[in-house]
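Here are the chains, one letter per residue:
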Amino acid sequence: MNSHDVDYRIFGHDIQVLEIELDPGESVIAEAGTMVYMEEAIAWDTRMGDGSEPDQGFFGKLLQAGSRLITGESLFMTHFTHGGSYGKAKVGFSAPYPGTIMPLDLRTLPQGLIVQKDGFLAAARGTKLAIHFNQRLGSGFFGGEGFILQKLTGDGKAFIHAGGTVIERQLNNEVLRVDTGCVVAFEPGIDFSVARAGNLKSMIFGGEGLLLATLRGTGRVWLQSMPVKKLIQALMPNGGNAQKESGSVLGGLGRIFDE
């Protein structure tokens, strides 16, 4: 696997823009609808598949594209290529909601990276995107997030998007419990599962949801402070109150236990 060696810059703070600079013949793949601008020498094409296996037949591409539909992503990906014969050309991308763009060098992640289903933004051509099912079915039926994920592998640069601020944690045979929606990515050596959030009263009235994600093992974990579901809640009418009690089954009725 030989990914194209692209250069990049990231602009902005809360709503960032990723600018990728391509040499002649170099390509980058991206989620459909994320392109902001491109220079004249850039040619683009919408295709099924990520282009990591150029000799792959139509059926293989269709199978790969179909797996993307399961994760909730578009059937197609957009490929941007410097079609000129000299100089450099730039193409810019942005994420669909405020947050942080994380650049990753997949050469430092030989086993790849597990990413939440809507976290992928762009990558050098040659990067392989595959569906990743969590082995623990409870993560899908009860956790809300984490059952169907994406796995990125390759030897080039990839860019993922997270809501709000990103926190990177290194676990050394440790356990970390977080809100299920706050998990952005983790290394394959990390075991992901879902556990009950405290006692019955905490689960029903605590405002933190019924269950928490449990990350266990050795490896890096990336967390986001503002998952898109919380952003949507905050923007809704009465968003502040809705967010405060979003995890509570009966909302403010929980206060009767404190009287």
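Scroll up for the structure.
Since this is a predicted model, take the numbers as computed values, not measurements.

## Considering the overall build of the chain
Phase 1: Broken down by element type, the chain carries five helices and 17 strands.
Phase 2: Split into buried and exposed, the 259 residues of the chain put 42% on the buried side.
Phase 3: Taking as baseline every contact in the chain between residues at least 6 positions apart, the subset at least 24 positions apart corresponds to 78%.
Phase 4: A total of about 13300 Å² of accessible surface is found on the chain, and carbon and sulfur atoms cover 55% of it.

## Digging into the pattern of salt bridges
Phase 1: For the structure shown, the criterion picks out eight salt bridges.
Phase 2: In this structure, Asp 45 and Arg 47 form a salt bridge, with 3.1 Å as the shortest nitrogen-oxygen distance.
Phase 3: Look at Asp 45 and you get partly exposed, because its relative accessible area is 36%.
Phase 4: By relative accessible area, Arg 47 is classed as partly exposed at 29%.
Phase 5: With a shortest N-O distance of 3.7 Å, Arg 220 and Glu 187 are connected by a salt bridge. Here Glu 187 lies in the loop between strand 15 (183–186) and strand 16 (190–196) and Arg 220 lies in strand 17 (residues 211–224), a separation of 33 residues in the sequence.
Phase 6: With a relative accessible area of 17%, Glu 187 lands in the buried category.
Phase 7: A cluster of three or more residues bridged by salt bridges with shared partners is formed by Arg 9, Glu 19 and Lys 90.

## Regarding a nonpolar patch on the surface
Phase 1: Taken together, Phe 11, Val 36 and Tyr 37 make up a surface patch of nonpolar side chains, about 230 Å² in accessible area.
Phase 2: Following the sequence through the fold, Tyr 37 ends up in strand 4 (residues 35–38).

## Here's the deal with empty space enclosed by the protein
Phase 1: For the structure shown, the criterion picks out two cavities of 30 Å³ or more.
Phase 2: Approximately 30 Å³ is the volume found for the second largest cavity.
Phase 3: Ile 15, Gln 16, Ala 95, Tyr 97, Pro 98, Gly 99, Ile 101 and His 161 together form the lining of the second largest cavity.
Phase 4: Tallied by class, the residues present in the lining of the second largest cavity amount to five nonpolar, three polar and no charged.

## Comments concerning the packing of aromatic side chains
Phase 1: Summed over all chains, the structure comprises three aromatic pairs.
Phase 2: Ring centres of Tyr 8 and Phe 159 lie 5.0 Å apart, and the angle between their planes is 70 degrees; this geometry places the pair in the edge-to-face category. A residue pair is termed long-range when its members are at least 10 positions apart, and Tyr 8 in strand 1 (residues 7–11) and Phe 159 in strand 13 (residues 157–163) qualify at 151 residues.
Phase 3: Centroid distance Phe 80 to Phe 93: 5.3 Å. Interplanar angle 75 degrees. Geometry classified as edge-to-face.

Cut-offs used in this document
- Residues numbered from 1 in each chain as written.
- Predicted model: local features only at pLDDT ≥ 70, side-chain atom pairs only at ≥ 80, totals over all residues.
- Heavy atoms only, no water.
- Helix = DSSP H or I, 4+ residues; strand = E, 2+ residues; numbered from the N terminus.
- Buried < 20%, exposed > 50% of the residue type's maximum accessible area, 1.4 Å probe, protein only.
- Contact = heavy atoms within 4.5 Å.
- Areas by Shrake-Rupley, 256 points an atom, 1.4 Å probe, with all protein chains shown as cover.
- Salt bridge = Lys/Arg side-chain N within 4 Å of Asp/Glu carboxyl O.
- Patch = residues over 30% accessible without salt bridge, like charges linked within 9 Å, V, L, I, M, F, W, Y side chains within 5 Å.
- 1 Å grid on protein atoms, 1.4 Å probe; cavity = no way out; pocket = protein on both sides within 12 Å on 5 of 7 lines; lining within 4 Å.
- Points joined across faces, edges and corners; volume = space filled by probe spheres on them.
- Nonpolar A, V, L, I, M, F, W, Y, C, P; charged D, E, K, R; others polar.
- Phe/Tyr/Trp six-rings, centres within 6.5 Å; stacked < 30°, edge-to-face > 60°.

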